[in-house]
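# Coordinates in review
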Amino acid sequence: AQSVSQHNHHVILSEAASLELGCNYSYGGTVNLFWYVQYPGQHLQLLLKYFSGDPLVKGIKGFEAEFIKSKFSFNLRKPSVQWSDTAEYFCAVIDPNGGDKIIFGKGTRLHILP
Amino acid sequence: GAGVSQSPSNKVTEKGKDVELRCDPISGHTALYWYRQSLGQGLEFLIYFQGNSAPDKSGLPSDRFSAERTGGSVSTLTIQRTQQEDSAVYLCASSSGPASYNEQFFGPGTRLTVL
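Here goes a summary of the coordinates provided.

The next thing to look at is the side chain of T108(A). Residue and element names in this part refer to chain A. Assignment of secondary structure puts T108 in strand β12 (residues 108-113). Given a relative accessible area of 0%, T108 falls into the buried group. Polar side-chain contacts of T108 include one of 2.4 Å to the backbone oxygen of N8.

As structure tokens, this is what we get:
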């Protein structure tokens, strides 16, 4: 079965630091990949997605992610974080064998120090 | 228009009681999903409805869990004979079509506490 691993459970950074959150998935074929974000007290919302084409995907709020097929990875990056980026981040993948089911990672809690 | 709404926002119940959680998707969205979010466990897929097709129930953890979607709109997730391990936030999401091509919009969730 498809699985998603997020290596960092809790990350603490200072403002203006660069960010990279790791995400690896297990399926070797064609994949659809997502990053979702949940800000404190808010709904889960889509940050960015990769379906095909350019492996470097731009999302909202200056975030980007790079799909590297050979590494089964879809890491999330931001060159300079802000205090408002404090949130929980979830990587997700469509289960290619499960119809339209989305498999989520366990999440990374990001805390930005002002 | 309004986003996905869920009710109640919080539910405290005693072990062994049945609970019903409600989800109102975005109007016109044909796909509806239920997930469970437990502390440190991410989001666990429970069930998926797409139009008039038979639902994908493969994520339901036991036969105590069931869900229905009436008239292709509102959905109810029912947990019978609740157990303490059922305590979690139950999230509903809807999309205008299959998740492979369409963004999922999430509701605020229902926090269930089983005493």
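So, on to the state of the cysteines. Summed over the entire model, instances satisfying the criterion amount to two disulfides over all chains. Two residues share a disulfide in this structure: C23(A) and C91(A), whose sulfurs sit 1.9 Å from each other. Taking the sign of the torsion about the S-S bond as the criterion, the disulfide between C23(A) and C91(A), at about -65 degrees, is left-handed. Of this pair, C23(A) sits in the loop between β3 (19-21) and β4 (24-25) while C91(A) sits in strand β10 (residues 87-94), and the two are 68 residues apart along the sequence. When its relative accessible area of 0% is taken as the criterion, C91(A) is described as buried. Between C23(B) and C92(B) runs a disulfide, and the two sulfur atoms are separated by 1.9 Å. Every disulfide takes its handedness from the sign of the S-S torsion; for C23(B) and C92(B) that torsion is -65 degrees, giving left-handed. Residue C23(B) is found in strand β3 (residues 19-24), and its partner C92(B) is found in strand β8 (residues 88-95); the two are separated by 69 residues along the sequence. Of the residues examined, C92(B) reaches a relative accessible area of 0% and is grouped as buried.

Cut-off values and rules
Residues numbered from 1 in each chain as written. Chains lettered and ligands numbered in written order. Predicted model: local features only at pLDDT ≥ 70, side-chain atom pairs only at ≥ 80, totals over all residues. Heavy atoms only, no water. Helix = DSSP H or I, 4+ residues; strand = E, 2+ residues; numbered from the N terminus. Buried < 20%, exposed > 50% of the residue type's maximum accessible area, 1.4 Å probe, protein only. Polar contact = N/O pair within 3.5 Å; in protein donor to acceptor, adjacent residues only side chain to side chain. Disulfide = S-S within 2.5 Å.

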